[in-house]
Amino acid sequence: MLRPNATSSRTEESNVEGPEASTSPAPLSFPYHPPQTGAGLVDITPEIKWFRMPMPYALDHVNIYLLRVEGGWLIVDTGLDAPGAREIWEEVFSGPLRGENVVGVCCTHYHVDHLGLAGYLTERWRVPLFITYEEYFTLLGWPDNLEEVPWQHAQFFQRAGFPQELLQQTLVMFRFSSFISPMPLSFVRLQEGCAFPVGDDWRVIVGGGHSPEHALLYSADRKILVSGDQLLPTISTNVSVSVTNPEDDPLGRWFASLDRLAEIPDDVLVLPGHGLPFFGARRRVEELRSHHEQRFQVILEACATRELSAYELVQALYPSPLSDFDLQLALGECLAHLRYLVTRGGLACRLDGYGVNRYRCSQERMD
Ligand SMILES: [Zn+2]
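Worth saying up front: this structure is predicted, and the values here are computed from it rather than measured. (Residues numbered from 1 in each chain as written. Predicted model: local features only at pLDDT ≥ 70, side-chain atom pairs only at ≥ 80, totals over all residues. Heavy atoms only, no water.)

Caption draft 1: Layout of the coordination of the zinc ion. Looking at the metal site, the zinc ion is ligated by D113 (OD), H114 (NE2), D229 (OD) and H274 (NE2), spaced 2.0 to 2.5 Å from it. For the zinc ion, the four donor atoms in the first shell make angles of 89 to 156 degrees at the metal, a pattern classed as irregular. Sequence spacing of the donor residues for the zinc ion, all on one chain, is D-H-x114-D-x44-H. In this pair, H114 sits in helix α3 (residues 112–115) while D229 sits in the loop between β11 (224–228) and α7 (250–261), placing the two residues 115 residues apart along the sequence. (Donors = N, O, S within 2.8 Å, 3.2 Å for Na, K, Ca; no water. Tetrahedral: all angles 85-135°; square planar, octahedral: opposite > 155°, others 65-115°. Helix = DSSP H or I, 4+ residues; strand = E, 2+ residues; numbered from the N terminus.)

Given below as structure tokens:
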């Protein structure tokens, strides 16, 4: 599975002499082949293992990492509590980890693919859950299993110009509880800059934008960054204004996180929540910045001569038909870009007589 001498294969592919040879970011390289989905483990190093849990979505897997720390193994992210997932974990425990100890479960953020089995695993091993404060309580406060659309949500979608007849379909974002095992009733709080409680060569970096207080684990000595969804190699992470926090500016926090991740050296191996481990954090940060810049351009061009709603802009940004779930992600992401531009003076926003926010290019210049 593992290509021998990952570092030198990276150097061949990137065609640079080393990370200090140039100030321009090295291209991305991918030194590991994917594991079979399920209990097949890949040794990233003798002390870091990687496997994949299947997911019943277009994005069909989530990466799980096992880090050897004091006293045993730390599980980083869990997969969702879908049929067959607990069995895969039991195969890992009775196979590759046979006779080994698990000392904790760390969830990078609260999304179900990363946290769904946290309760099951912490209970099975009687070990702590390591997570940031906002991620823990965001999940506990998530209004799941809604049957009717609350007025606050209805107003949010009205302001976005979302078709009234599709309102019931927005409840798709509140149907995840069957994929989450009962949450642990306590947790150990992760905070920016803190040493990881059971492995002090790992430091916590807190990012934002995709979720409120997303934890990344960084070991400068090992040259490894466990990035969760905060830095993915091929897909752009969803950054959305959420119906539960409609005045939010998540893209502002996302860019601040990217600034931070742009400092990660090129010879650090990034272990992402989805996709393949890769070298080239700085290049990936550049690509993501330019992805959002392109989105800004499409929005600004569309709003140069017309006043458009967020829903109308979604049609411009995502021309092909979307599933109910993807439509919610697309709308949230569009609103994040709009909020960013309005806050910084690129767009003006006016509430029209129908209760719909309409956006138009502003005369003010952007910062
Ligand atoms: Zn994810």
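So that's the structure; there's more coming.
Caption draft 2: Inspection of the nonpolar core at higher detail. Within the largest apolar cluster, 90 residues are counted, with the highest numbers of intra-cluster contacts made by M53, I75, W89, L225, L335 and L338. When residues in this core are grouped by element, the largest group, nine residues, is from helix α10 (residues 324–343). Every residue in contact with I75, bar those within four places of it in the chain, is listed here: I64, Y65, L66, W89, F93, V102, G104, V105, C106 and L121. (Core = buried A, V, L, I, M, F, W, Y, C linked by side-chain atoms within 4.5 Å. Buried < 20%, exposed > 50% of the residue type's maximum accessible area, 1.4 Å probe, protein only. Contact = heavy atoms within 4.5 Å.)

Caption draft 3: Here's a closer look at helix α6 (residues 151–159). Those residues of α6 lying buried are H153, F156 and F157. Down the axis of α6, the sector holding all buried residues measures 90 degrees, keeping them to one side. Directly beyond the C-terminal end of α6, a positive phi value near 75 degrees is found at G161. (Arc of directions from axis to C-beta.)

Caption draft 4: View of unusual backbone geometry. Phi at R126 takes a positive value of approximately 50 degrees, unusual for a residue other than glycine. Tracing the sequence through the fold places R126 in the loop between α4 (118–125) and β6 (129–132). Of the residues examined, R126 reaches a relative accessible area of 72% and is grouped as exposed. The phi dihedral of K223 falls on the positive side, at around 60 degrees, and the residue is not glycine.

Caption draft 5: Up close: the sheet that holds strand β13 (residues 278–279). Spatially, six strands are ordered β8-β9-β10-β11-β12-β13 in an open sheet, and the strand pairing comes out mixed. Taken across any chain shown, the strands that pair with only one partner, and hence form the sheet edges, are β8 (195–196) and β13. The sheet contact formed by strand β10 (residues 214–219) and β11 spans three bridges and is antiparallel. By the bridge assignment, Y218 is partnered in β11 with L225. (Pairing = 2+ DSSP bridges.)

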